Amino acid sequence: MLDFRVASLLSTLVFCCATSGVNAQSIAQDVIIDSDFPTGEPLEKAIDYFDGGPIPSVIVGNGRGGLYLYRSSTGTLDGPWKRSIINANGSAYERARPLRFKGEAYPGLIASLSNQIVWLQNPRNRPDGDIADPWPLRVINPDHGCHDVRLFDLDGDGRTDVICSGAISLRGPQFVAFHNIGPDYRDIHEVSMGTWNDGTPYLLIAEQENACPPAMPEGNPPTHPGIPCRISLFQWTDGELRPTVLTHDSTHNQALVPWHGGLLMADANHGAYGGSTAVHLRLIMP
(Lines give C-alpha, C1' and ligand atoms only; values in the text may rest on other atoms or scores of the structure.)
Protein backbone atom coordinates (compact mmCIF):
# COMPACT_ATOMS: atom_id res chain seq x y z
CA MET A 1 0.00 0.00 0.00
CA LEU A 2 1.10 3.55 -0.68
CA ASP A 3 0.81 6.36 1.82
CA PHE A 4 0.76 9.88 0.35
CA ARG A 5 2.56 12.38 2.57
CA VAL A 6 3.40 15.97 1.80
CA ALA A 7 6.53 17.13 3.60
CA SER A 8 7.35 20.81 4.03
CA LEU A 9 11.07 20.83 4.64
CA LEU A 10 13.75 23.46 5.29
CA SER A 11 17.20 21.98 5.55
CA THR A 12 20.89 22.69 5.16
CA LEU A 13 22.74 20.08 3.13
CA VAL A 14 26.10 19.26 4.69
CA PHE A 15 28.69 16.87 3.32
CA CYS A 16 31.20 15.10 5.52
CA CYS A 17 33.59 12.19 5.27
CA ALA A 18 36.60 13.62 3.41
CA THR A 19 38.32 11.10 1.19
CA SER A 20 41.50 10.94 -0.78
CA GLY A 21 42.75 9.38 -3.98
CA VAL A 22 39.88 10.70 -6.13
CA ASN A 23 40.40 10.77 -9.89
CA ALA A 24 39.00 13.29 -12.35
CA GLN A 25 35.51 12.50 -13.59
CA SER A 26 34.40 12.37 -17.20
CA ILE A 27 31.58 11.44 -19.56
CA ALA A 28 32.85 8.25 -21.17
CA GLN A 29 29.90 7.80 -23.54
CA ASP A 30 27.03 10.01 -24.72
CA VAL A 31 24.25 8.26 -26.62
CA ILE A 32 21.26 10.11 -28.06
CA ILE A 33 18.44 7.62 -27.57
CA ASP A 34 15.78 9.82 -29.18
CA SER A 35 16.64 12.62 -31.60
CA ASP A 36 13.02 13.10 -32.70
CA PHE A 37 11.05 13.58 -29.50
CA PRO A 38 7.30 14.08 -30.09
CA THR A 39 5.94 17.64 -30.03
CA GLY A 40 6.14 18.90 -26.48
CA GLU A 41 8.68 19.00 -23.67
CA PRO A 42 10.61 16.01 -22.27
CA LEU A 43 10.18 16.82 -18.59
CA GLU A 44 9.91 13.70 -16.42
CA LYS A 45 12.80 11.21 -16.55
CA ALA A 46 13.32 7.88 -14.82
CA ILE A 47 15.88 5.14 -15.37
CA ASP A 48 15.74 1.60 -13.99
CA TYR A 49 15.52 -2.03 -15.07
CA PHE A 50 11.86 -1.71 -16.11
CA ASP A 51 12.21 -4.57 -18.60
CA GLY A 52 14.88 -6.58 -16.81
CA GLY A 53 17.87 -7.60 -18.89
CA PRO A 54 21.47 -6.40 -18.65
CA ILE A 55 20.94 -2.65 -19.14
CA PRO A 56 18.39 -0.19 -17.78
CA SER A 57 15.42 1.26 -19.63
CA VAL A 58 14.48 4.95 -19.65
CA ILE A 59 11.07 6.58 -19.16
CA VAL A 60 10.45 10.15 -20.34
CA GLY A 61 7.25 12.12 -19.73
CA ASN A 62 5.97 14.76 -22.13
CA GLY A 63 4.71 18.05 -20.74
CA ARG A 64 2.02 18.09 -23.43
CA GLY A 65 0.91 14.53 -22.81
CA GLY A 66 2.34 11.03 -22.84
CA LEU A 67 4.83 8.80 -21.05
CA TYR A 68 7.35 6.94 -23.23
CA LEU A 69 9.53 3.94 -22.52
CA TYR A 70 12.91 3.52 -24.24
CA ARG A 71 14.63 0.13 -24.54
CA SER A 72 17.82 -0.81 -26.34
CA SER A 73 17.08 -3.19 -29.21
CA THR A 74 20.60 -4.64 -29.07
CA GLY A 75 21.21 -5.03 -25.34
CA THR A 76 23.99 -2.43 -25.50
CA LEU A 77 24.13 1.26 -24.65
CA ASP A 78 24.69 2.05 -28.33
CA GLY A 79 21.20 0.85 -29.22
CA PRO A 80 19.33 1.69 -31.38
CA TRP A 81 16.68 2.45 -28.77
CA LYS A 82 13.00 1.68 -29.28
CA ARG A 83 10.27 4.03 -28.04
CA SER A 84 6.89 2.76 -26.89
CA ILE A 85 3.94 4.54 -25.24
CA ILE A 86 3.08 3.44 -21.71
CA ASN A 87 0.50 6.20 -21.14
CA ALA A 88 -0.82 8.29 -23.99
CA ASN A 89 -2.49 11.12 -22.08
CA GLY A 90 -1.90 13.62 -19.33
CA SER A 91 0.65 16.39 -18.87
CA ALA A 92 3.77 14.88 -17.31
CA TYR A 93 4.85 17.70 -15.01
CA GLU A 94 7.39 17.41 -13.55
CA ARG A 95 8.99 14.36 -11.85
CA ALA A 96 8.70 10.59 -11.86
CA ARG A 97 10.42 7.95 -9.72
CA PRO A 98 10.72 4.17 -10.12
CA LEU A 99 9.18 2.04 -7.37
CA ARG A 100 9.48 -1.72 -6.89
CA PHE A 101 7.26 -3.33 -4.29
CA LYS A 102 8.34 -6.38 -2.32
CA GLY A 103 7.87 -9.50 -4.41
CA GLU A 104 7.82 -7.63 -7.73
CA ALA A 105 10.47 -8.42 -10.31
CA TYR A 106 10.12 -5.15 -12.20
CA PRO A 107 9.65 -1.57 -10.98
CA GLY A 108 6.60 0.52 -11.67
CA LEU A 109 6.48 4.31 -11.67
CA ILE A 110 5.22 7.07 -9.38
CA ALA A 111 4.57 10.14 -11.52
CA SER A 112 2.99 13.56 -11.48
CA LEU A 113 0.46 13.40 -14.31
CA SER A 114 -2.37 15.81 -15.18
CA ASN A 115 -1.88 17.53 -11.82
CA GLN A 116 -2.38 14.30 -9.91
CA ILE A 117 0.04 11.86 -8.35
CA VAL A 118 -0.35 8.47 -9.94
CA TRP A 119 1.07 4.96 -9.71
CA LEU A 120 1.69 3.25 -13.05
CA GLN A 121 1.94 -0.52 -12.71
CA ASN A 122 4.49 -2.32 -14.84
CA PRO A 123 2.67 -5.00 -16.89
CA ARG A 124 5.84 -7.14 -16.88
CA ASN A 125 4.89 -8.19 -13.36
CA ARG A 126 1.90 -10.09 -14.85
CA PRO A 127 2.61 -13.54 -16.37
CA ASP A 128 1.18 -12.46 -19.73
CA GLY A 129 2.16 -8.79 -19.54
CA ASP A 130 3.93 -6.95 -22.36
CA ILE A 131 5.93 -3.94 -21.24
CA ALA A 132 5.09 -2.14 -24.49
CA ASP A 133 1.38 -2.21 -23.57
CA PRO A 134 -0.21 0.77 -21.78
CA TRP A 135 0.53 0.58 -18.06
CA PRO A 136 -2.46 0.37 -15.66
CA LEU A 137 -2.81 3.64 -13.73
CA ARG A 138 -3.99 4.24 -10.18
CA VAL A 139 -4.51 7.73 -8.76
CA ILE A 140 -2.97 8.02 -5.29
CA ASN A 141 -3.54 11.75 -4.81
CA PRO A 142 -6.23 13.53 -6.85
CA ASP A 143 -5.71 17.03 -5.41
CA HIS A 144 -2.45 18.15 -7.00
CA GLY A 145 0.72 16.99 -8.71
CA CYS A 146 4.33 17.46 -7.63
CA HIS A 147 7.21 19.54 -8.85
CA ASP A 148 9.57 16.99 -7.32
CA VAL A 149 8.98 13.53 -5.88
CA ARG A 150 10.99 11.40 -3.46
CA LEU A 151 10.01 7.94 -2.21
CA PHE A 152 10.91 6.98 1.34
CA ASP A 153 9.40 5.30 4.39
CA LEU A 154 9.41 8.54 6.34
CA ASP A 155 7.58 7.32 9.44
CA GLY A 156 9.03 3.80 9.57
CA ASP A 157 5.69 2.02 9.26
CA GLY A 158 6.91 -0.26 6.46
CA ARG A 159 4.94 1.56 3.75
CA THR A 160 6.35 3.84 1.06
CA ASP A 161 5.61 7.54 1.51
CA VAL A 162 5.49 9.91 -1.45
CA ILE A 163 7.28 13.09 -0.39
CA CYS A 164 6.13 15.91 -2.62
CA SER A 165 7.50 19.37 -3.34
CA GLY A 166 4.96 21.91 -4.42
CA ALA A 167 4.65 24.51 -7.13
CA ILE A 168 2.21 27.39 -7.36
CA SER A 169 1.08 26.13 -10.76
CA LEU A 170 0.22 22.75 -9.21
CA ARG A 171 -1.52 24.17 -6.12
CA GLY A 172 0.88 22.20 -3.94
CA PRO A 173 2.46 23.12 -0.60
CA GLN A 174 5.92 24.58 -0.18
CA PHE A 175 9.22 22.72 -0.16
CA VAL A 176 12.60 24.38 0.01
CA ALA A 177 16.18 23.27 0.62
CA PHE A 178 19.44 25.26 0.44
CA HIS A 179 23.02 24.34 -0.43
CA ASN A 180 25.68 26.97 -1.34
CA ILE A 181 27.69 25.62 -4.29
CA GLY A 182 28.61 28.94 -5.90
CA PRO A 183 26.79 32.12 -6.95
CA ASP A 184 27.25 31.54 -10.69
CA TYR A 185 25.23 28.30 -10.68
CA ARG A 186 21.82 29.91 -10.97
CA ASP A 187 19.64 27.89 -13.35
CA ILE A 188 19.67 24.48 -11.70
CA HIS A 189 16.49 22.44 -11.87
CA GLU A 190 17.54 19.22 -10.15
CA VAL A 191 20.26 18.14 -7.75
CA SER A 192 21.32 14.47 -7.77
CA MET A 193 23.36 13.04 -4.90
CA GLY A 194 25.04 9.77 -4.03
CA THR A 195 28.37 8.13 -3.24
CA TRP A 196 30.94 6.41 -5.42
CA ASN A 197 31.99 2.85 -4.63
CA ASP A 198 34.87 4.14 -2.50
CA GLY A 199 32.48 6.13 -0.33
CA THR A 200 33.21 9.55 -1.81
CA PRO A 201 30.04 11.71 -1.82
CA TYR A 202 29.09 13.40 -5.10
CA LEU A 203 26.57 15.99 -6.17
CA LEU A 204 25.58 16.35 -9.83
CA ILE A 205 23.88 19.43 -11.25
CA ALA A 206 23.03 20.58 -14.76
CA GLU A 207 22.10 24.07 -15.81
CA GLN A 208 18.84 24.48 -17.65
CA GLU A 209 18.53 25.43 -21.28
CA ASN A 210 17.54 29.00 -20.37
CA ALA A 211 21.15 29.57 -19.25
CA CYS A 212 22.60 28.63 -22.62
CA PRO A 213 22.79 30.48 -25.96
CA PRO A 214 20.79 30.79 -28.15
CA ALA A 215 18.02 30.59 -25.54
CA MET A 216 15.83 33.66 -25.00
CA PRO A 217 13.95 33.00 -21.74
CA GLU A 218 10.89 35.24 -21.61
CA GLY A 219 12.42 37.13 -24.53
CA ASN A 220 15.62 37.93 -22.62
CA PRO A 221 19.22 36.78 -23.22
CA PRO A 222 20.54 33.83 -21.21
CA THR A 223 20.89 34.63 -17.52
CA HIS A 224 24.61 33.83 -17.19
CA PRO A 225 26.48 36.53 -19.14
CA GLY A 226 29.95 35.26 -19.94
CA ILE A 227 29.40 31.92 -18.17
CA PRO A 228 28.78 28.85 -20.34
CA CYS A 229 26.10 26.32 -19.50
CA ARG A 230 27.43 23.08 -18.06
CA ILE A 231 26.82 19.75 -16.41
CA SER A 232 28.99 19.60 -13.29
CA LEU A 233 29.91 16.97 -10.74
CA PHE A 234 30.93 18.13 -7.27
CA GLN A 235 32.91 15.89 -4.93
CA TRP A 236 33.84 16.31 -1.30
CA THR A 237 37.62 16.07 -1.47
CA ASP A 238 40.21 17.13 1.13
CA GLY A 239 37.65 19.12 3.08
CA GLU A 240 36.20 20.99 0.10
CA LEU A 241 33.34 20.58 -2.37
CA ARG A 242 35.22 20.61 -5.68
CA PRO A 243 33.56 20.78 -9.13
CA THR A 244 34.43 19.08 -12.39
CA VAL A 245 32.66 20.37 -15.51
CA LEU A 246 31.71 17.21 -17.39
CA THR A 247 30.40 18.97 -20.50
CA HIS A 248 29.32 22.41 -21.65
CA ASP A 249 25.80 21.20 -22.26
CA SER A 250 22.51 21.59 -20.43
CA THR A 251 19.52 19.62 -19.27
CA HIS A 252 16.21 20.38 -17.62
CA ASN A 253 16.58 17.52 -15.14
CA GLN A 254 18.18 14.11 -14.97
CA ALA A 255 17.81 10.57 -13.63
CA LEU A 256 20.75 8.44 -12.48
CA VAL A 257 21.42 4.76 -11.90
CA PRO A 258 24.72 3.09 -10.87
CA TRP A 259 26.49 1.38 -13.76
CA HIS A 260 29.70 -0.69 -13.64
CA GLY A 261 31.39 1.55 -11.10
CA GLY A 262 30.05 4.71 -12.74
CA LEU A 263 26.66 6.28 -13.42
CA LEU A 264 24.19 6.21 -16.28
CA MET A 265 22.37 9.52 -16.61
CA ALA A 266 19.19 9.97 -18.63
CA ASP A 267 18.54 13.63 -19.41
CA ALA A 268 17.01 16.10 -21.88
CA ASN A 269 16.18 19.78 -22.20
CA HIS A 270 12.57 20.90 -22.18
CA GLY A 271 13.12 22.80 -25.43
CA ALA A 272 10.90 25.72 -24.44
CA TYR A 273 13.58 28.27 -25.35
CA GLY A 274 14.66 26.81 -28.66
CA GLY A 275 17.16 24.20 -27.50
CA SER A 276 17.32 20.58 -28.59
CA THR A 277 14.86 18.13 -27.02
CA ALA A 278 17.05 15.11 -27.79
CA VAL A 279 17.04 12.50 -25.02
CA HIS A 280 20.57 11.56 -23.90
CA LEU A 281 21.99 8.61 -22.04
CA ARG A 282 25.42 9.55 -20.65
CA LEU A 283 27.91 7.26 -18.99
CA ILE A 284 29.80 9.10 -16.23
CA MET A 285 32.91 7.49 -14.79
CA PRO A 286 34.71 8.48 -11.57
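Shown above is the structure to which this text applies.
On a predicted model such as this, the values are computed, not experimentally measured, just so you know. (Residues numbered from 1 in each chain as written. Predicted model: local features only at pLDDT ≥ 70, side-chain atom pairs only at ≥ 80, totals over all residues. Heavy atoms only, no water.)

1. Thoughts on the overall build of the protein chain
Using the following cut-off: Going along the chain from the N terminus, every DSSP run of H or I of four or more residues is numbered as a helix, and every run of E of two or more is numbered as a strand. Only protein chains enter the accessibility calculation, which uses a 1.4 Å probe. A residue is then buried if its area is under 20% of the maximum for its type, exposed if over 50%, and partly exposed in between. Here the Shrake-Rupley method, with its probe set to 1.4 Å, supplies the accessible areas, and only the displayed protein chains count as covering residues.
Along its length, the protein chain carries 0 helices and 21 strands. Across the 286 residues that make up the protein chain, the buried fraction comes to 50%. Looking at the protein chain as shown, the accessible area adds up to about 13,200 Å², and 52% of this sits on carbon and sulfur atoms.

2. Remarks on the pairing of strand 17 (residues 231-237)
For clarity, the threshold we go by: Only strands joined by at least two bridges in the DSSP assignment are considered to pair.
Strand 17 sits mainly inside the fold: 7 of its 7 residues count as buried. Burial of strand 17 is two-sided: the residues Ile231, Leu233, Gln235 and Thr237 facing one way and the residues Ser232, Phe234 and Trp236 facing the other way are all buried. By the bridge criterion, 5 bridges tie strand 16 (residues 201-207) to strand 17 in an arrangement that is antiparallel. Note that in strand 17 the partner of tyrosine 202 across the bridge is glutamine 235. Of the strand pairs in this sheet, strand 17 and strand 18 (residues 240-247) are connected by 7 bridges, and their pairing is antiparallel. Paired with serine 232 across the bridge in strand 18 is valine 245. Where strand 17 hands over to strand 18, the hairpin turn is made up of 2 residues, of which aspartate 238 adopts a positive phi near 50°.

3. Some details on the sheet that holds strand 16
For the record, the criterion: Axis definition: a line fitted to C-alpha atoms, limited for helices to the stretch in contact. Angles are taken between N-to-C directions and run from 0 to 180 degrees.
One open sheet accounts for 4 strands, arranged 15-16-17-18; its pairing is antiparallel. A single partner strand is all that each edge strand has here, and the edge strands are strand 15 (188-195) and strand 18. Sheet twist, expressed as the mean angle between neighbouring strand axes with direction ignored, is 25°. Here strand 15 runs beside strand 16; their pairing, made up of 6 bridges, is antiparallel. Within strand 16, the position partnered with serine 192 by the bridge is leucine 204.

4. Let's talk about the packing of aromatic side chains
Pairs of aromatic rings are described using the distance from one ring centre to the other and the angle between the two planes. To keep it simple, the criterion reads: Pairing of aromatic rings covers Phe, Tyr and the six-membered ring of Trp, with a centre-to-centre limit of 6.5 Å; geometry is then stacked below 30 degrees between planes, edge-to-face above 60, and tilted otherwise. Two conditions define a charge sitting above a ring: the NZ of Lys or the CZ of Arg must be within 6 Å of the ring centre, and it must be within 35 degrees of the ring normal.
Inspection of the entire model under this criterion finds 4 aromatic pairs. Each ring, one from phenylalanine 37 and one from tyrosine 68, has its centre 5.6 Å from the other, and the planes form 85°; the classification is edge-to-face. Of this pair, phenylalanine 37 sits in the loop between strand 3 (26-34) and strand 4 (42-48) while tyrosine 68 sits in strand 6 (residues 67-72); the two residues are 31 residues apart in sequence, bridging distant segments of the chain. One exposure class covers both phenylalanine 37 and tyrosine 68, and it is buried. The ring of tyrosine 68 carries the charged tip of arginine 83 above its face, separated from the ring centre by 5.8 Å.

5. Remarks on the environment of glycine 65
We apply this condition: Contact definition: two residues touch when any of their heavy atoms are within 4.5 Å.
Within the secondary structure layout, glycine 65 lies in the loop between strand 5 (57-62) and strand 6. In sequence terms glycine 65 and serine 91 are 26 residues apart; their C-alpha atoms lie 4.4 Å from each other. When neighbours within four sequence positions are excluded, glycine 65 is seen to be in contact with Ala88, Asn89, Gly90 and Ser91.

6. Brief notes about the state of the cysteines
Formally: The rule for a disulfide is simple: a pair of cysteine sulfur atoms within 2.5 Å.
Following the criterion strictly, the structure yields 1 disulfide and no others. Here cysteine 212 pairs with cysteine 229 through a disulfide, and the sulfurs are 2.5 Å apart. The disulfide joining cysteine 212 to cysteine 229 has a torsion of about 135° about its S-S bond and is therefore right-handed. One end of the pair, cysteine 212, is in the loop between strand 16 and strand 17; the other, cysteine 229, is in the loop between strand 16 and strand 17, and 17 residues separate them in sequence. Neither residue differs from the other here; cysteine 212 and cysteine 229 are each classed as buried.

7. Some points on the nonpolar core
Where we set the bar: Residue types Ala, Val, Leu, Ile, Met, Phe, Trp, Tyr and Cys, when buried and joined through side-chain atoms within 4.5 Å, form a set referred to as a nonpolar core.
Residues Ile33, Ile47, Val58, Tyr70, Trp81, Leu264 and Leu281 are the most contacted members of the largest nonpolar core, which totals 20 residues. Among the elements of the structure, strand 3, strand 5, strand 6, strand 19 (253-259), strand 20 (262-268) and strand 21 (279-285) are those that each provide at least two residues to this core.

8. Details of the sheet that holds strand 20
Reading across the sheet, the 4 strands line up as 3-21-20-19 and stay open at both edges, with antiparallel pairing between neighbours. Every interior strand has two partners, whereas the edge strands, strand 3 and strand 19, have only one. Strand after strand, the sheet turns through a mean of 20° between neighbouring axes, direction not considered. Pairing geometry for strand 19 and strand 20, over 7 bridges, is antiparallel. Bridge pairing links glutamine 254 to aspartate 267 in strand 20.

9. Comments concerning the layout of surface pockets
Spelled out, the test is: Using only the protein atoms, space was sampled on a 1 Å grid; points where a 1.4 Å probe fits but cannot get out form cavities, open sets with protein on both sides within 12 Å along at least five of seven lines form pockets, and lining residues are those with an atom within 4 Å of a point. Grid points are joined across faces, edges and corners, and a volume is the space filled by probe spheres set on the points. Amino acid classes used here: Ala, Val, Leu, Ile, Met, Phe, Trp, Tyr, Cys and Pro are nonpolar; Asp, Glu, Lys and Arg are charged; the rest, including Gly, are polar.
Quantified by volume, the second largest pocket comes out at close to 580 Å³. Of all the secondary structure elements, the ones that give two or more residues to the lining of the second largest pocket are strand 4, strand 8 (92-99), strand 12 (148-152), strand 15, strand 19 and strand 20. Grouping the constituent residues of the lining of the second largest pocket by class yields 15 nonpolar, 8 polar and 5 charged.

10. Describing the environment of histidine 252
Counted only if it meets this: Whenever two N or O atoms come within 3.5 Å, that pair is a polar contact, provided that in protein one can donate a hydrogen and the other can accept it, and provided that, for residues adjacent in sequence, both atoms are side-chain atoms.
By the element assignment, histidine 252 lies in the loop between strand 18 and strand 19. Along the backbone, histidine 252 and asparagine 210 are 42 residues apart, and their C-alpha atoms lie at a distance of 9.1 Å. Dropping the residues within four chain positions of it, histidine 252 is found in contact with Leu43, Lys45, Glu94, His189, Glu190, Gln208, Ala268, Asn269 and His270. A polar atom in the side chain of histidine 252 sits 2.6 Å from the side chain of glutamate 94. A polar side-chain atom of histidine 252 sits 3.1 Å from a polar atom in the side chain of glutamine 208.

It is worth stressing that arrangement in space is one thing and function is another; only the former is reported here.
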